[in-house]
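What follows is the residue order along each chain.
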Amino acid sequence: MIGKKVTAALNLQMNREFYNARLYLSMAAYFHSINLEGMAHWMEAQSHEETGHALRLYKHLQERGARILLAAIETPPTNWDNPLAAFEAAYEHECKVTREFDEHVDLARAEKDNATLNFLQWFVNEQVEEEASVDAVIRKLKLIGEHPSGLFMLDRALGERKVGADWPMNLELNPIGIVHSPFKEATGTPIQASMAGGAPGMVEVVPALADGLKDLDGFDRIWLLYWFDRATTLKLIVTPYMDDQYHGIFATRAPARPNPIWISAVRLLRVECCTLHVADVDILDGTPLLDIKPYVPQFDHLPAERTGWLQQAGNRPRTADRRFET
Ligand SMILES: [Fe+2]
Ligand SMILES: [Fe+2]
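Residues numbered from 1 in each chain as written. Chains lettered and ligands numbered in written order. Predicted model: local features only at pLDDT ≥ 70, side-chain atom pairs only at ≥ 80, totals over all residues.

Caption draft 1: Geometry of the nonpolar core. Membership of the largest hydrophobic core comes to 32 residues, with the highest contact counts inside it found for Met27, Phe31, Met39 and Met43. If you tally residues by element for this core, the top one is helix α1 (residues 4-33), at 12 residues. Those residues in contact with Met43, other than ones at most four positions away along the chain, are Tyr24, Met27, Ala28 and Phe31. Among the nonpolar cores identified, the runner-up in size contains 29 residues, and Val238, Ala256, Val266 and Ile292 belong to it. (Core = buried A, V, L, I, M, F, W, Y, C linked by C-beta atoms within 7 Å. Buried ≥ 20, exposed ≤ 12 C-beta atoms within 10 Å, placed from the backbone. Helix = DSSP H or I, 4+ residues; strand = E, 2+ residues; numbered from the N terminus. Contact = placed C-beta atoms within 7 Å.)

Caption draft 2: Molecular detail of the confidence of the model for the chain. Of the residues in the chain, 97% have a pLDDT of 70 or more, and the chain-wide mean is 91. The weakest mean pLDDT in the chain belongs to helix α7 (residues 310-313) at 81; the strongest belongs to α1 at 98. (pLDDT = per-residue confidence, 0-100.)

Caption draft 3: Unusual backbone geometry, seen in detail. You will see that Asn35, though not glycine, has its phi angle at about 65 degrees, which is positive. Mapped onto the secondary structure, Asn35 falls in the loop between α1 and α2 (37-63). Classification of Asn35 as exposed rests on a count of 9 C-beta atoms within 10 Å.

Caption draft 4: Layout of the packing of helix α4 (residues 114-144) against helix α5 (residues 148-158). For the pair α4 and α5, interaxial distance at closest approach is 9 Å and the crossing angle is 160 degrees. In this view, α4 runs roughly antiparallel relative to α5, as classed from their interaxial angle. Here the hand of the crossing between α4 and α5 comes out right-handed. From α4, Val137, Lys140, Leu141 and Ile144 reach across to α5, where they touch Gly150, Leu151, Leu154 and Leu158. Split into classes, the residues belonging to the contact of α4 with α5 amount to six nonpolar, one polar and one charged. (Axes fitted to C-alpha atoms, helices over the stretch in contact; angles between N-to-C directions. Parallel < 35°, antiparallel > 145°, perpendicular 65-115°, else oblique. Left-handed = near helix turned anticlockwise from the far one by under 90°. Nonpolar A, V, L, I, M, F, W, Y, C, P; charged D, E, K, R; others polar.)

Caption draft 5: Representation of the sheet that holds strand β3 (residues 221-227) within the structure. With antiparallel pairing, six strands are arranged side by side around a closed barrel as β1-β2-β7-β6-β3-β8. Shown here is a sheet whose adjacent strand axes are inclined to one another by a mean of 45 degrees, direction ignored. Looking at chain direction, strand β6 (residues 261-272) and strand β7 (residues 275-279) are connected through five bridges and run antiparallel. Each bridged residue has a counterpart across the sheet, and for Arg270 the counterpart in β7 is His277. (Pairing = 2+ DSSP bridges.)

Here is the structure:
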């Protein structure tokens, strides 16, 4: 159950995000008025994102059974001295929003509201990006100074920003089941199915989907796709378990991914109604399952000569350690 203080804080922030949407739309209108259409487009995209932030808060409040209260929204400023002044105002505003979220995090922690704490993490990360993207424009505007050709080029570049609708940021996934395993924490969990030494597990599939398991028992191995719900926050550069050097997250199978989706080709022992008994499990207990597919050697066992940094990595432990633990 969500507490009164957290409900009030999230309602306040939801209304602030609606204000932010209007502030950036007002900046877009200002840029249209001085014929900088690319900057206007950039601000419209920003406004669109802010509405998305407000709706995220709305949805969280609704899901937690809280009363949602929309409030009157104050009139935003309508004019700035020049493009630099408008982007500087946006930057200052984003810094203020970051402080607001920091306060919400403190409150959620004090109220022991872990669900809200987890929910707010997305915003904490988002604010880092928000400040950085506005700051990048400010730096370019300062470099350009009074040169109209530079301003024209920057305007064109900013006009290429993708708006939310072209770049779907929110996809809805519904788990189809849950994985049970002997592994309660990352430390000591095998890092690949091939290194799991037969570790046993059970996959419970939502009963409504039972018909979808027909004929699965004819396959020795199955792919499990799952959501690593205890992954650490995003890191683009990581030292994976199999090496002591840094690599890009997409060149590894480390946790800390933008979308913590994992795959394991486990051994299927038997199917009992909605329960799959499996072995070679390298998955944490209680992990939400997203999909099951048969493992087919003709499709999945493909020749590949180069295996990148792994070719030099040498022998490493076969179980995870604390490095990606939350
Ligand atoms: Fe926002
Ligand atoms: Fe923002």
